[in-house]
Amino acid sequence: MSRKQTLPLDQILHGDALEFMAGLPANSVDAIITDPPFFMPATHYQSRVSWQRNFADLSPLKVFWTEVTKAAKRVLKKTGHFIVFSNCDSYPVFYEPMYNHFHKLTSIVWNKKHVGLGAIWRHQHELIIAARGEEYKHNQTGRLYADVISIKATRSENRDHPVEKPWQLLRFLIEPTTLEGDVVLDPFCGSGTTLLAAKILKRHFIGVDLNEEYVKIAHRKVLGISNLDQFQEPRIPTLQELME
Ligand SMILES: C[S@@+](CC[C@H](N)C(=O)[O-])C[C@H]1O[C@@H](n2cnc3c(N)ncnc32)[C@H](O)[C@@H]1O
């Protein structure tokens, strides 16, 4: 039996990310692209404003993320990529274990082209950490992928998940790092945006989420779609536009 046959290809499952990854074969996945909870298991974080503020408060998140990173390193092929959304606080926590376990890291900025909430500086961007294995694969599509990606955020009234990403953004992460037929895993898949983008790009996908409601939504959103022609490609910018 080949390695791919032992993977639950094109499935979206209800469960815990770490437990699920522990059951996957080593060196079996081409890319892990995910948008994890930033404060888990430090769920008290948002309400601790009156506490003495200390970076060590984030240590539960660091322990958790170190385990996720080790699991990702084990299941990814050496040619693989581990790409993770973060924010200002989780970025430094996620960065260190990823730096220690992967060959090279790149920061990518998602410009949401929309100003959100925030005191003094209102949020318009998110930070993405892109880590790669020592024999990393680069899909040479002939297109240009800048490390600032400008894609409109999904409007709140169109979201099935409170922090749902637009699938077009995921395309910019999946396309240059994987080939058709490759396997993309999202162990914190939420409403399934990464999986939808993988399906549109003819990659295999595997999704997991702890929340059963989101798993149901992802099933509808990803497995329920048969006509992929309805998804128009976002236009890839020209070199001149990138330089402006
Ligand atoms: C930031 S959201 C992902 C949103 C997704 N990118 C989308 O576009 O819908 C993170 C998800 O991680 C899930 N989650 C939290 N802890 C988890 C765990 N231990 N294992 C698997 N999923 C978990 C949450 O239920 C949540 O849906």
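Residues numbered from 1 in each chain as written. Predicted model: local features only at pLDDT ≥ 70, side-chain atom pairs only at ≥ 80, totals over all residues.

Can you tell me about the site of the ligand, naming the residues and giving the values?
Around the ligand sit 20 residues in total, of which Ala17, Phe188, Gly190, Ser191 and Thr193 are the nearest. Across the shell around the ligand, the residue classes tally to 10 nonpolar, five polar and five charged. (Near = placed C-beta within 6 Å. Nonpolar A, V, L, I, M, F, W, Y, C, P; charged D, E, K, R; others polar.)

I'd like to hear about the sheet that holds strand β3 (residues 76-86), residue by residue, with values.
Note on sheets: strands pair through backbone hydrogen bonds, and any given pair is parallel or antiparallel. The sheet built from eight strands is open, its strands ordered β1-β8-β7-β2-β3-β5-β4-β6 with mixed pairing. Every interior strand has two partners, whereas the edge strands, β1 (11-14) and β6 (148-150), have only one. Averaged over neighbouring strand pairs, the angle between their axes works out to 20° when direction is ignored. One ladder, built from six bridges, connects β3 with strand β5 (residues 125-132); its direction is antiparallel. Within β5, the residue paired with Ser86 across the bridge is Leu127. In the packing of helix α3 (residues 90-101) onto the sheet, the strands contacted are β3, β4 (104-111) and β5, and the crossing angle to β5 comes to about 5°. (Pairing = 2+ DSSP bridges. Helix = DSSP H or I, 4+ residues; strand = E, 2+ residues; numbered from the N terminus. Axes fitted to C-alpha atoms, helices over the stretch in contact; angles between N-to-C directions. Contact = placed C-beta atoms within 7 Å.)

How would you explain helix α4 (residues 167-174) if you had to name every residue and give the values?
Among the eight residues that make up α4, seven are buried, leaving the element largely enclosed by the rest of the structure. Residues of α4 that are buried make contact with β2 (29-34), β3, β4, β6, β7 (183-186) and α5 (193-200). (Buried ≥ 20, exposed ≤ 12 C-beta atoms within 10 Å, placed from the backbone.)

Before we move on, can you summarise the confidence of the model for the chain with the specific residues and values?
Model confidence for the chain is summarised by a mean pLDDT of 89, while 86% of its residues fall at 70 or above. Here residues 41-45 scores under 50 on pLDDT; set against residues more than four positions off or in separate chains, the count is eight contacts. (pLDDT = per-residue confidence, 0-100.)

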